[in-house]
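# Residue-level structural notes
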Amino acid sequence: MRAVTWQGKRDVRVETVPDPEIEEPTDAVIRVTSSGLCGSDLHVYEVLTPFMTPGDIIGHEPIGVVEETGSEVTGLKTGDRVVVPFQIACGHCWMCAAGLTTQCETTQVADAGMGAALFGYTRLYGGVPGAQAEYLRVPQAQFGPIKVPEGPPDDRYIYLSDVLPTAWQAVQYADIPPGGSVAVLGLGPIGDMCCRVARLQQAEVVIGVDLVTDRLRRAREQGVETYDLRRFDGRKDLVEAIRDRTGGRGPDAVIDAVGTEAHGSPVGRTAQQVSSVLPRAWASRLAEKAGADRLAALLTAIELVRRGGTVSLSGVYGGMASPLPLMTMFDKQIQLRMGQANVRPWVDDILPLLTDEDPLGVDGFASHRLSLDEAPHAYEIFQRKEEEAVKILFQP
């Protein structure tokens, strides 16, 4: 089959690799009909390179058709149309029963001290072959795949794999009071969708912050009040402007949808670049300690949120070196919630919204639909924020 493989920093290639096969009785194999390019994929493209191996198949946002199932997979049959969540969870362990599928005790990558295995996302999360491919082996298929109706285009349902549950959980974790306010930092796919979900759930003031013209425009078209970072001299000016808009206190909640791609930390950027050329063992240690600590967005969220408010962190961070302003967080009584989205527990809330009325605008959410062979170009324009690339779908 053809698949997108990681070969080095900013180097992805489409190669012919062996077709996946059933390896465990709880496996399934699907034929991928569409697969998304996620902001998290940029982390393996550039930031988390010490944890990658040349030839790794990447990607984690697939929709497709079941080709084969293992002997212990019930509820699925050949020909079923399914969305596959980005995390791999069993559905029956203590964590899964508690709704924490990203902490699944069956697939936890204990050797790395991490939670549930993920598709196509470094050896820290199991090194499982990813979904930017023609076919995908799906472990724990007795629980993971989400059956969706035939008929509507892939765009209608594909975002159940990651974008929708991640944004939905971020808004739930933000705990916006009725008629309250929320600021969303970063208007990439997750931040954009967070704004849509918050408006759907009747937040009175929804503010989006970014510095990319196309992303700001998309958000404004959805009724979001936008703030262009390029128009402010620094963080304090931005914070003051948004406080003025929210009664002088700041928003009730702030969602950080940026994570480790945040601008504004030359030290962190340098550490990331250095880690990509060091011997693997050294690079891994540097990346764990400092390489991905670019905390500009999170520090802005902490300063911006009103006292007693909530910061909801959906952007992916790594590393442990940069200290948080714990005195400020304690003094302001900030609640901080974070984590990978627990996909399956949110599906029952989201699926009824994926109708012809399309209240979340999923049918037109993708900015690009490209062939798998165009993956190198897709990664380049997405990373550089060129050609109005906000959300790219591959169609093998």
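Use the structure listed above.
Reference entry: report on the structure contained in this document. These numbers come from a predicted model, not from an experiment.

### Quick notes on the overall build of the protein chain
Helices and strands together make up the secondary structure of the protein chain, namely twelve helices and 16 strands. The contacts of the protein chain with a sequence gap of at least 6 include a subset with a gap of at least 24, amounting to 72%.

### Describing the side chain of D155
Of note, D155 is situated in the loop between strand 8 (146-147) and helix 3 (163-174). Classification of D155 by relative accessible area gives buried; the value is 5%. Of note is the side chain of D155, whose polar atom sits 2.5 Å from the side chain of R369. Once residues lying within four places of it in the same chain are set aside, the contact partners of D155 are V362, D363, A366, R369 and L393.

### Thoughts on the sheet that holds strand 12 (residues 253-256)
One open sheet holds the six strands; their spatial order is 11-10-9-12-13-14, and the pairing between them is parallel. Looking along the sheet, the strands with just one partner apiece sit at the ends: strand 11 (225-228) and strand 14 (335-338). Across the sheet, the axes of successive neighbouring strands diverge by a mean angle of 20 degrees, strand direction being ignored. In this sheet, strand 11 lies alongside strand 10 (residues 205-210) in parallel orientation, the contact comprising four bridges. Bridge pairing links I207 to E225 in strand 11.

### Some details on the environment of E23
Counting through the fold element by element, E23 comes out in the loop between strand 2 (11-16) and strand 3 (28-37). The class for E23 is exposed, based on a relative accessible area of 55%. Measuring from C-alpha to C-alpha, the distance between E23 and V138 comes to 9.8 Å, with 115 residues separating the pair along the chain.

### Here's the deal with the packing of helix 3 against helix 11 (residues 343-350)
In the contact formed by helix 3 and helix 11, the axes pass within 9 Å of each other and the chain directions differ by 85 degrees. In this view, helix 3 runs roughly perpendicular relative to helix 11, as classed from their interaxial angle. On the side of helix 3, the interface is formed by L164, P165, W168, Q169 and Q172, while helix 11 contributes V343, W346, D349 and I350. Its residues placed into classes, the contact of helix 3 with helix 11 shows six nonpolar, two polar and one charged.

### Structural notes on the state of the cysteines
For the structure shown, the criterion picks out zero disulfides. Free of any disulfide, C93 has its nearest neighbouring cysteine sulfur in C96, separated by 3.6 Å.

### Some words on the packing of aromatic side chains
As enumerated under the stated definition, the model contains four aromatic pairs in all. Ring plane angle 50 degrees and centroid distance 6.1 Å describe the contact between Y121 and Y125, whose orientation is recorded as tilted. Over the ring of F365 we find R218, and its NZ or CZ is 5.0 Å from the ring centre. R344 extends its terminal NZ or CZ atom over the ring of F143, reaching a point 5.1 Å from the ring centre.

### Some words on the sheet that holds strand 2
The strand order across the open sheet formed by three strands is 2-1-4, and the pairing between neighbours is antiparallel. Because the sheet does not close on itself, it has two edges, and the strands there are strand 2 and strand 4 (56-57). Relative to strand 2, strand 1 (residues 2-8) runs antiparallel, the two sharing six bridges. Note that in strand 2 the partner of W6 across the bridge is V12. Packing of helix 12 (residues 375-384) onto the sheet brings it into contact with strand 1 and strand 2, and relative to strand 2 it is tilted by some 160 degrees.

Rules used in this analysis
- Residues numbered from 1 in each chain as written.
- Predicted model: local features only at pLDDT ≥ 70, side-chain atom pairs only at ≥ 80, totals over all residues.
- Heavy atoms only, no water.
- Helix = DSSP H or I, 4+ residues; strand = E, 2+ residues; numbered from the N terminus.
- Contact = heavy atoms within 4.5 Å.
- Buried < 20%, exposed > 50% of the residue type's maximum accessible area, 1.4 Å probe, protein only.
- Polar contact = N/O pair within 3.5 Å; in protein donor to acceptor, adjacent residues only side chain to side chain.
- Pairing = 2+ DSSP bridges.
- Axes fitted to C-alpha atoms, helices over the stretch in contact; angles between N-to-C directions.
- Parallel < 35°, antiparallel > 145°, perpendicular 65-115°, else oblique.
- Nonpolar A, V, L, I, M, F, W, Y, C, P; charged D, E, K, R; others polar.
- Disulfide = S-S within 2.5 Å.
- Phe/Tyr/Trp six-rings, centres within 6.5 Å; stacked < 30°, edge-to-face > 60°.
- Lys NZ or Arg CZ within 6 Å of the ring centre and 35° of its normal.

Such coordinate-based values are descriptive only and should not be taken to indicate function.
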